[in-house]
Amino acid sequence: MSAVLGPERPQVVSHVQQALSYTVFDCKWVPRSARLMCLGSAARGTGVIQLYELHGARLEVLREIEKPKPIKCGTFGATSLQQRYLATGDFDGNLNIWNLEAPEIPVYSVKGHKEIINSIDGVGGLGIGEGAPEIVTGSRDGTVKVWDPRQNDTPVANMEPVQGESKRDCWTVAFGNAYNQEERVVCAGYDNGDIKLFDLKTMSLRWETNIKNGVCSVEFDRKDINMNKLVATSLEGKFHVFDMRTQHPTKGFASVSEKAQKSTIWQVRHLPQNRDIFMTSGGSGSLHLWKYEYPAQRSKKDSEGSEMGVAGSLSLLQNVTLSTQPISSLDWSPDKKGLCVCGAFDQTVRVLIVTKLNKI
Amino acid sequence: MPVWLREHSWRQSLTAVYLSLPLRGARASAANIFCSEQYLKVSIPPFLFEAVLYAPIDDTNSTAKIGNGNIFFTLYKKEPAMWDSLTLTNADKEKLQHLRENAVIKAQEKAKEETEAKKITKQEHKKYALEATMKLEETERKRIEDLKEKERQKVTKELELWKNQQKDGDKYKSIQTKEELHQEIEPLKERKNEKMNKTQIPNEGSSKRRFKSTRGCHGSCSIFSQDLMEEQLPAPRAAATIKVNFTPRVFPTALRESRVAEEEEWLHKQAEARRIINSDLSELEDLKEEEKNPDWLKDKGNKMFAMGDYLGAVNAYNLAVRLNNKLPLLYLNRAACHLKLRNLHKAIEDSSKALELLTPPVPDNENARVKAHVRRGTAFCQLELYTEGLQDYEAALKIDPKNKIIEKDAEKIRQLIQGTVQSS
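Residues numbered from 1 in each chain as written. Chains lettered and ligands numbered in written order. Predicted model: local features only at pLDDT ≥ 70, side-chain atom pairs only at ≥ 80, totals over all residues. Heavy atoms only, no water.

**Considerations on the sheet that holds strand E7 (residues 86–90) of chain A**
Residue and element names in this part refer to chain A. Strands sit in the order E6-E7-E8-E9 across an open sheet of four strands; the sheet is antiparallel. Taken across any chain shown, the strands that pair with only one partner, and hence form the sheet edges, are strand E6 (71–75) and strand E9 (108–111). Neighbour-to-neighbour, the strand axes of this sheet turn through a mean angle of 20 degrees, independent of strand direction. When E7 meets strand E8 (residues 94–98), the two strands line up antiparallel, connected through four bridges. Residue pairing for E8: threonine 88 is matched across the bridge by asparagine 96. (Pairing = 2+ DSSP bridges. Helix = DSSP H or I, 4+ residues; strand = E, 2+ residues; numbered from the N terminus. Axes fitted to C-alpha atoms, helices over the stretch in contact; angles between N-to-C directions.)

**Here we look at the UniProt feature "repeat: TPR" (unreviewed entry) in chain B**
UniProt's feature table lists "repeat: TPR" (unreviewed entry) at residues 370–403 of chain B, given in the numbering used throughout. Secondary structure over residues 370–403 of chain B splits into 79% helix and 0% strand, and the C-alpha atoms at its two ends are 10 Å apart. (UniProt positions renumbered as here; feature names shortened; annotations may be inferred.)

**What about the interface of chain B and chain A?**
In this complex, chain B contributes 43 residues to the contact, which on the side of chain A involves 68 residues. The junction of chain B with chain A conceals about 4800 Å² of combined surface from both sides, 54% of it contributed by carbon and sulfur atoms. When the buried area of chain B at its contact with chain A is split by residue, B:Arg237, B:Ile242 and B:Phe246 rank highest and sum to 18% of it. A salt bridge links A:Glu134 to B:Arg237; its shortest N-O distance comes to 2.9 Å. Put simply, the parts of the chain that give the side of chain B that touches chain A at least two residues each are helix H1 (93–197), helix H2 (200–213), helix H3 (223–232) and strand E9 (240–244) of chain B. With 10 residues, H1(B) is the largest single contributor of residues to the side of chain B that touches chain A. Along the lines of polarity and charge, the residues of the side of chain B that touches chain A split into 19 nonpolar, 11 polar and 13 charged. Relative to E9(B), strand E13 (residues 157–161) of chain A runs parallel, the two being bridged by five bridges. For A:Ala157, the partnering residue across the bridge sits in E9(B) and is B:Ala240. (Contact = heavy atoms within 4.5 Å. Buried area = accessible area lost by both parts, 1.4 Å probe. Salt bridge = Lys/Arg side-chain N within 4 Å of Asp/Glu carboxyl O. Nonpolar A, V, L, I, M, F, W, Y, C, P; charged D, E, K, R; others polar.)

**A look at the sheet that holds strand E17 (residues 204–210) of chain A**
Sheet strands associate in pairs through backbone hydrogen bonding, adopting either a parallel or an antiparallel arrangement. Residues and elements named next belong to chain A. In space, the four strands of this open sheet follow the order E14-E15-E16-E17, with antiparallel pairing throughout. Looking at strand neighbours, the two that pair on one side only are strand E14 (170–176) and E17, the edges of this open sheet. Taken pair by pair, the neighbouring strands of this sheet meet at an average axis angle of 15 degrees, ignoring direction. Pairing analysis gives six bridges linking strand E16 (residues 194–199) to E17, with the strands arranged antiparallel. If you follow leucine 197 over to E17, its bridge partner there is tryptophan 207.

**Some thoughts on helix H10 (residues 366–382) of chain B**
One turn of the α-helix equals 3.6 residues, which is why residues spaced by three or four share an orientation. All names here are of chain B. In this model H10 runs 24 Å from its N-terminal to its C-terminal C-alpha over 17 residues, within 8% of the 24 Å that 1.5 Å per residue would give. Restricting attention to buried positions, one finds in H10 the residues Ala368, Arg369, Val370, Ala372, His373, Arg375, Arg376, Gly377, Ala379, Phe380 and Cys381. Of the residues trailing H10, glutamate 384 is marked for its positive phi of about 65 degrees. (Expected span 1.5 Å × (residues − 1). Buried < 20%, exposed > 50% of the residue type's maximum accessible area, 1.4 Å probe, protein only.)

**Remarks on unusual backbone geometry**
All names here are of chain A. Even without a glycine there, the phi angle at arginine 84 is positive, about 50 degrees. Position of arginine 84 relative to the elements: it lies in the loop between E6 and E7. Judged by its relative accessible area of 15%, arginine 84 falls in the buried class. Despite not being glycine, leucine 126 has its phi angle at roughly 60 degrees, a positive value.

**Some points on the packing of aromatic side chains**
Across all of its chains, the model carries 14 aromatic pairs over all chains by this definition. Relative to A:Trp290, the ring of A:Phe239 lies with its centre 5.0 Å away and its plane at 65 degrees, an arrangement referred to as edge-to-face. You can see A:Phe239 sitting in strand E20 (residues 238–248) and its partner A:Trp290 sitting in strand E24 (residues 286–293), a full 51 residues away along the chain. Pair check on accessibility: A:Phe239 and A:Trp290 agree, each one buried. Seen in terms of ring centroids, B:Phe251 and B:Trp266 are 5.5 Å apart; in terms of plane orientation they differ by 55 degrees. Their pairing is tilted. Residue B:Phe251 is found in the loop between E9 and helix H4 (260–279), and its partner B:Trp266 is found in helix H4; the two are separated by 15 residues along the sequence. Counting every residue linked through ring pairs, the aromatic cluster contains A:Phe25, A:Phe91, A:Trp266 and A:Phe345. (Phe/Tyr/Trp six-rings, centres within 6.5 Å; stacked < 30°, edge-to-face > 60°.)

**Some words on the side chain of A:Glu183**
All names here are of chain A. Tracing the sequence through the fold places glutamate 183 in the loop between E14 and strand E15 (185–190). Classification of glutamate 183 by relative accessible area gives buried; the value is 11%. At 2.9 Å, the side chain of glutamate 183 forms a polar contact with the side chain of lysine 201. Each residue touching glutamate 183, except ones within four places of it in the same chain, is listed here: Asn177, Ala178, Asp199 and Lys201. (Polar contact = N/O pair within 3.5 Å; in protein donor to acceptor, adjacent residues only side chain to side chain.)

**Side note on the packing of H10(B) against helix H11 (residues 386–399) of chain B**
Residues and elements named next belong to chain B. Two elements in contact, H10 and H11, have axes whose closest approach is 7 Å; the angle formed by their N-to-C orientations is 165 degrees. Between H10 and H11, the interaxial angle falls into the category roughly antiparallel. The chirality of how H10 crosses H11 is left-handed. Where H10 approaches H11, its residues Glu366, Arg369, Val370, His373, Val374, Arg376, Gly377, Thr378, Phe380 and Cys381 are matched on the opposing element by Tyr386, Glu388, Gly389, Asp392, Tyr393, Ala395, Ala396 and Ile399. Looking at side-chain class alone, the contact of H10 with H11 contains nine nonpolar, four polar and five charged residues. (Parallel < 35°, antiparallel > 145°, perpendicular 65-115°, else oblique. Left-handed = near helix turned anticlockwise from the far one by under 90°.)

**Concerning the pairing of E8(A)**
All names here are of chain A. For E8, the tally of buried residues reaches five of five residues, placing the bulk of the element in the interior. Burial along E8 is two-sided: Asn94, Asn96 and Trp98 facing one way and Leu95 and Ile97 facing the other are all buried. Where E7 folds back onto E8 in an antiparallel hairpin, the turn is made up of three residues, including glycine 93, whose phi is positive at roughly 95 degrees. Pairing geometry for E8 and E9, over four bridges, is antiparallel. Following the sheet pairing, isoleucine 97 is matched in E9 by tyrosine 108.

**Description of the nonpolar core**
Ranked by size, the top nonpolar core spans 22 residues in total, and within it A:Leu36, A:Cys38, A:Leu54, A:Leu59 and A:Val351 carry the most contacts. Of all the secondary-structure elements, those providing two or more residues to this core are strand E2 (23–29), strand E3 (35–41), strand E4 (47–55), strand E29 (339–344) and strand E30 (348–354) of chain A together with H1 of chain B. When neighbours within four sequence positions are excluded, A:Leu54 is seen to be in contact with A:His15, A:Val16, A:Trp29, A:Ala34, A:Leu59, A:Val351, B:Leu159 and B:Lys163. (Core = buried A, V, L, I, M, F, W, Y, C linked by side-chain atoms within 4.5 Å.)

**Describing the pattern of salt bridges**
Under the defined criterion, the tally for this structure stands at 37 salt bridges over all chains. With its nearest N and O atoms 3.5 Å apart, the salt bridge here joins B:Glu138 to B:Arg141. Of this pair, B:Glu138 and B:Arg141 both sit in helix H1, three residues apart, roughly one helical turn. The residue B:Arg249 makes a salt bridge to B:Glu263 at a minimum N-O spacing of 3.1 Å. Of this pair, B:Arg249 sits in the loop between E9 and H4 while B:Glu263 sits in helix H4, and the two are 14 residues apart along the sequence. Residue B:Glu263 is classed as buried on the basis of its relative accessible area of 14%. Here the salt bridges do not stand alone but share partners, grouping A:Glu134, A:Arg184 and B:Arg237 into one network.

**Looking at the state of the cysteines**
All names here are of chain A. Scanning the model with the defined rule gives zero disulfides over all chains in all. No disulfide involves cysteine 38; its sulfur sits 5.7 Å from the nearest other cysteine sulfur, which is in cysteine 27. Since its relative accessible area comes to 0%, cysteine 38 is described here as buried. Here cysteine 170 is not disulfide-linked; the sulfur of cysteine 187 is the nearest cysteine sulfur, at 9.3 Å. Judged by relative accessible area, which is 0%, cysteine 170 ranks as buried. (Disulfide = S-S within 2.5 Å.)

And the structure:
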């Protein structure tokens, strides 16, 4: 593993720190603006959505919305740029889509799961990619459901355990491979180390593997291209990068794994402006910035003549410890390169700037 | 008796005295010379030279040069005056003695002072060095801090610029697009009609491109573009279910690599326990729940032993052992029963098994080990294997030397052995 040395390394500069009066579970930038959302759970047991605007060296609260149930996750991925509706999943298993201008009544609401929705992702909105806008939710009840905001009450796809099988918690979901109207893929990570790739065009399981540790976060490097790379992070400080271009019939996808720190890696997020750079956030309150380097040849033939992928290598660009508590959520700004927000369990949300990303 | 060196020669000036002392072959070093204000001594055993000087000298600046079998002293006088002689000739013995002692004391004091002074200077040097390093580190740290600050400020400025750009950009674009849209309304309407007939995908490409150019505007997009976008979207997917099988896992907690070994062990032990209980299911069916508990059975056995029902006790212990064969006390107690029943070989077996299970030998299981050794020893003796019996008794004694009974029995056995040896 090589490292970029000296003063040319990207620096992670902490720009603003904001103490919150509730536990923040997710933070997201509002697209096309210098505003961000924080979602979480107040001590009273109610859900909180706060809208902040970045003013110089401060975060100014624009709006604070309270909801009956604590909110675990949210995404802007499935709305249009004009509407910018926020889709949230809460502790009770409800999926709601809110218009932040009129947040009293949700635009769309469904009791999607029997237990907490751990993770949510959206695709087809924001002018990125093609196809119907869809939202996928993964829950502790072991099911992964895909919703279309135009269809009420029933999901358009439901990945549930076989009858009689004991369920495992689904901890994370991600969309990918949405390069045209028909193709779509959902990747789900579970607490027993399973990663499953569902193809929504053929409505089947395309690939599955087990990485020996509960999977905390999965993300494709881009949702709207032919699937290129998938990063899956897990407990015990490990994460795996899978090369998704070549699928071998038995061995699946090639991968490289790295053990960065002793604690759980809670989140991985790719830089929207450069799909080979991503940041992982850890349970020890640290952030690591990584760069993936492709191998000379991305695929090779094995002994039987079938194609198999070749994984590349990873280099650590920078790491920084910001907090003593886990940093559970992370989001890059799609508008300004290097601007990111992270929320930690010490009830603070931090806006960070990563410098010198142009030189990588 | 020292050999006095008397062949010295000297000469003087107003301020100094020059003394030359031939050494008669002895080798001198700085340690052999002792000099104070009014006393000079050179002692190279067995040679000795001493001189109580006529007048005090400045002993710190005076020098002695050793070489060529000779010591050459240069003594600087405290008061410039010509001396009548090198030494005080008319001094009596007492005065001389007194002077000598004074000289020694003075020399000692001087030595002490010197060491003190040295210590102080050393400490000061250390302090200075420490301060210097601290300063260096401070400057280094400051330099890094400054670099970071600069970065931060640069980045903050950029951010502000970007934000303002965004705001301006929006205003500008909104004005621009209003004009553009007025121009484009007509061709858009046409395209819309065309689209109805053609397939979706190629048109999508072209209209998508147009939308990308107006992406910047928020609130000033026309209705037309929105309609088109909605029509572009495919219908919601046909609902379907995919059935999922999970990698099996017994525990409800998440999988962690570091815990896998522990979990395996736990499962193994559970399987073991279940197997034992289930293996004799037919026989154990008519037993009550408590009768399947090895501890309860042990207590029952103990009670029966106390009452004298040795066979019953053995049965109880047998069942307990079947359920859990890792408890040493069961074997120990069963050994006692066998002794009473005169099943000596079985007693030996059980005591041995108990001892095996009682490793490692720690103070906690001392008691049990003593008992095991004693019981085995007794069994051996009753089988007339006195030497083995003695070995066990001695082992017991080693663990518990204060036990008189064991000592007495050991003695008895020794005598028995000696008796048989003598008689044979």
